[in-house]
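Chain and residue survey
Here are the chains, one letter per residue:
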Amino acid sequence: MHSLSLKVSMDFNAGTSRSSWPGRISGGVLDLEVGSRKQFLNCRDNNPRFCRIVACSSERNTSGGGAQSSSSFLSRSQTYALLKQQMEVAAKSEDYKEAARLRDSLKSFEEEEPILHLRRLMREAIAEERFEDAAKYRDELKEIAPHCLLKCSSDATTLGIRVEVRSVYIEGRSQPMKGQYFFAYRIRITNNSNRPVQLLRRHWIITDANGKTENVWGIGVIGEQPVILPNTGFEYSSACPLSTPSGRMEGDFEMKHTDKVGARTFNAVIAPFSLSTFGDGSDNF
């Protein structure tokens, strides 16, 4: 689970940004620095192999078999990822008849997939203030897929240093048939304290859907150790490939105050967030 990284840094108050284009490989990690997130999201694998698939629904597992439920979830997640990818491929190749068929299959899948169905019901219940129903749907989700309650975003503050994260599944860089799933995530670090800080090191804990966990440590982020002044921020985008259609990330940034010589370091928490082909139904940062 190596990391492909990109960066854009900015002063949130002044609205300035800087960018460059060096690329390097260090310790198995490829770092690329680019000027915008859009450039990163426009990267596509050339000519992904096309396969014809149809949506299939799965009955909820009521036997209580954890292993069977987990295996079923992975299979459904892979099917969903394939449908989304192949619809995009068909549309780009102007095979609109096939794209329409895949669109309908995807819609059918979303209506029948237990997790997506319960999420939709829970959102509708909350919007309509039917909180008893929302609690029931939430408990059902906890029973069949507790990991799906983790959102694709997180927000945590440590000593005035706020770390916000949002992840998204990138179909164009993924190959579900080969067990390759590509997730991008965007990080915004805001210094809401009255003291300047410097980001020294990063630590990630990456866990896939099979429970395999990897710890990743590194100096700074995107090859830099940025100094973040009070009421300013640093923002960058990065990515994480997984061999499963879902997982989670969490970690911390080691920081130090720069206004006092010999200041002790502290860890700014990166709260857990999900990596999921299903997403979480929200586009909020």
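In what follows, the structure referred to is the one given above.
Report on the accompanying structure. Because the structure is predicted, anything quoted here is derived from the model rather than measured.

Cut-offs used in this document
- Residues numbered from 1 in each chain as written.
- Predicted model: local features only at pLDDT ≥ 70, side-chain atom pairs only at ≥ 80, totals over all residues.
- Heavy atoms only, no water.
- Helix = DSSP H or I, 4+ residues; strand = E, 2+ residues; numbered from the N terminus.
- Buried < 20%, exposed > 50% of the residue type's maximum accessible area, 1.4 Å probe, protein only.
- Contact = heavy atoms within 4.5 Å.
- Areas by Shrake-Rupley, 256 points an atom, 1.4 Å probe, with all protein chains shown as cover.
- Core = buried A, V, L, I, M, F, W, Y, C linked by side-chain atoms within 4.5 Å.
- Salt bridge = Lys/Arg side-chain N within 4 Å of Asp/Glu carboxyl O.
- Phe/Tyr/Trp six-rings, centres within 6.5 Å; stacked < 30°, edge-to-face > 60°.
- Pairing = 2+ DSSP bridges.
- Expected span 1.5 Å × (residues − 1).
- Arc of directions from axis to C-beta.

With that out of the way, let us pick up the overall build of the protein chain. When helices and strands are counted, the protein chain shows five helices and 14 strands. Burial status across the protein chain gives 45% buried among its 285 residues. Of all intrachain contacts in the protein chain linking residues separated by at least 6 positions in sequence, the fraction that spans at least 24 positions is 70%. Just so you have it, the protein chain exposes about 14,900 Å², and 48% of that area is on carbon and sulfur atoms.

Positive phi values are uncommon outside glycine, yet E129 reaches one of about 60 degrees. The phi angle at I222 is positive, at roughly 55 degrees, despite the residue not being glycine. In this structure, I222 sits in the loop between β10 (213-219) and β11 (227-228).

Inspection of the secondary structure assignment puts K107 in helix α3 (residues 96-112). The exposure class of K107 is exposed, given its relative accessible area of 51%. Along the chain, K107 and L83 lie 24 residues apart, while their C-alpha atoms are 9.9 Å from each other.

As a further point, take the environment of Y80. Counting through the fold element by element, Y80 comes out in helix α2 (residues 66-92). We classify Y80 as buried; its relative accessible area is 6%. The spacing of Y80 and F109 is 29 residues in sequence and 7.5 Å in space, taken between C-alpha atoms. With residues near it in sequence (within four places) discarded, Y80 still touches L106, F109, E110, L116, T277 and F278.

One finds I187, W204, F253 and M255 to be the most contacted residues of the largest nonpolar core, which totals 30 residues. Elements with a contribution of two residues or more to this core: β7 (161-169), β8 (181-191), β9 (197-208), β12 (233-242), β13 (246-257) and β14 (265-276). Residues in contact with W204, not counting those within four places in the same chain, are Y185, I187, E214, N215, V216, Y236, M249, E250, G251, I270 and F273.

Turning our attention to the pattern of salt bridges. Per the stated rule, a full pass over the model turns up 14 salt bridges. Between D155 and R162 there is a salt bridge; the shortest N-O distance is 2.5 Å.

Evaluated as defined, the whole model comprises six aromatic pairs. For the pair Y185 and F273, a centre-to-centre distance of 6.1 Å together with 50 degrees between the ring planes defines the contact as tilted. Remark: F273 occurs in strand β14 and Y185 occurs in strand β8; sequence separation between them is 88 residues. Note on F234 and Y236: the rings are 6.1 Å apart at their centroids and 50 degrees apart in plane angle, and the pair reads as tilted.

In this section: the pairing of strand β6 (residues 153-158). Put simply, side chains in a regular strand alternate between the two faces of the sheet. What you see with β6 is a clean split: S154, A156 and T158 sit on the buried side and S153, D155 and T157 on the side with no burial. The pairing of β6 with β7 spans six bridges and is classified as antiparallel. Within β7, the residue paired with D155 across the bridge is E164. Joining the antiparallel neighbours β6 and β7 is a turn of two residues, in which L159 adopts a positive phi near 50 degrees.

This paragraph deals with helix α5 (residues 131-144). If you check α5, its first and last C-alpha atoms are 20 Å apart, about what 14 residues at 1.5 Å a residue would give, namely 20 Å. Every buried residue belonging to α5 is among A134, Y137 and L141, and all of these are buried. All buried residues of α5 project into a common sector of 65 degrees when viewed along the axis, lining one side. Exposed and facing more than 90 degrees away from the buried side of α5 are E132 and E143. Here the buried face of α5 lies against α4 (114-127).

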